[in-house]
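# Structure at a glance
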Amino acid sequence: MYQGRLHERKDVALAGNIRRSEDALPGADCEILDLSVGGAKLKLPMAIPAETAVHLGLGNIGEFAATLAWSRPPLAGVYFKDGPEVMNEVIIAVALYGT
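Please read all numbers here as calculations on a predicted model, not as lab measurements.

## Points about the nonpolar core
Residues I18, L42 and F80 are the most contacted members of the largest nonpolar core, which totals 22 residues. Taken together, the elements giving at least two residues each to this core come down to β1 (10-20), β2 (28-35), β3 (39-43), β4 (53-58), β5 (62-72), β6 (75-80) and α1 (84-97). Here F80 is in contact with L35, S36, V37, G38, G39, A40, L56, F64, A65, A66 and M87, once residues within four sequence places are set aside.

## So, unusual backbone geometry
For the peptide bond that leads from P73 to P74, omega is 10°, which places it in the cis range. Mapped onto the secondary structure, P74 falls in the loop between β5 and β6. A positive phi angle, close to 75°, is found at E51, a residue other than glycine. Within the element layout of this structure, E51 appears in the loop between β3 and β4.

## A closer look at a nonpolar patch on the surface
Among the surface-exposed residues, I92, L96 and Y97 lie close enough to one another that they form a single nonpolar patch of about 370 Å² accessible area. Tracing the backbone shows Y97 in helix α1. Residue Y97 is classed as exposed on the basis of its relative accessible area, which comes to 66%.

## Concerning the pairing of β6
Here β3 pairs with β6 via five bridges, running antiparallel. Among the inter-strand pairings, G39 is bridged to a residue of β6, identified as Y79. Sheet topology places β5 next to β6; six bridges connect them, and they run antiparallel. The partner of R72 across the bridge, within β6, is L75.

Reading guide: rules and limits
Residues numbered from 1 in each chain as written. Predicted model: local features only at pLDDT ≥ 70, side-chain atom pairs only at ≥ 80, totals over all residues. Heavy atoms only, no water. Core = buried A, V, L, I, M, F, W, Y, C linked by side-chain atoms within 4.5 Å. Buried < 20%, exposed > 50% of the residue type's maximum accessible area, 1.4 Å probe, protein only. Helix = DSSP H or I, 4+ residues; strand = E, 2+ residues; numbered from the N terminus. Contact = heavy atoms within 4.5 Å. Patch = residues over 30% accessible without salt bridge, like charges linked within 9 Å, V, L, I, M, F, W, Y side chains within 5 Å. Areas by Shrake-Rupley, 256 points an atom, 1.4 Å probe, with all protein chains shown as cover. Salt bridge = Lys/Arg side-chain N within 4 Å of Asp/Glu carboxyl O. Pairing = 2+ DSSP bridges.

Worth remembering: the numbers are spatial, not functional.
This is how it looks when you write it as structure tokens:
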């Protein structure tokens, strides 16, 4: 269960894609509003309940497992299942190459 933010987030304006982990179908486009090695704040086109396992796609960078920590439609916060060392590399890739 989500225990609070552990990492500083930076404001961003990135296009993403979100889908529930159990869904094999393509997800829905979303906006990534802030990002850290621990998680992100998203603007979603639909309501997804807190504690839902999801995959967050970051364009050409890849798709990352996460869990919704909170949901107040249209906004939601996720925490990443990959550790900070992995997500740090993702953030560097986003900074260098965009999505």
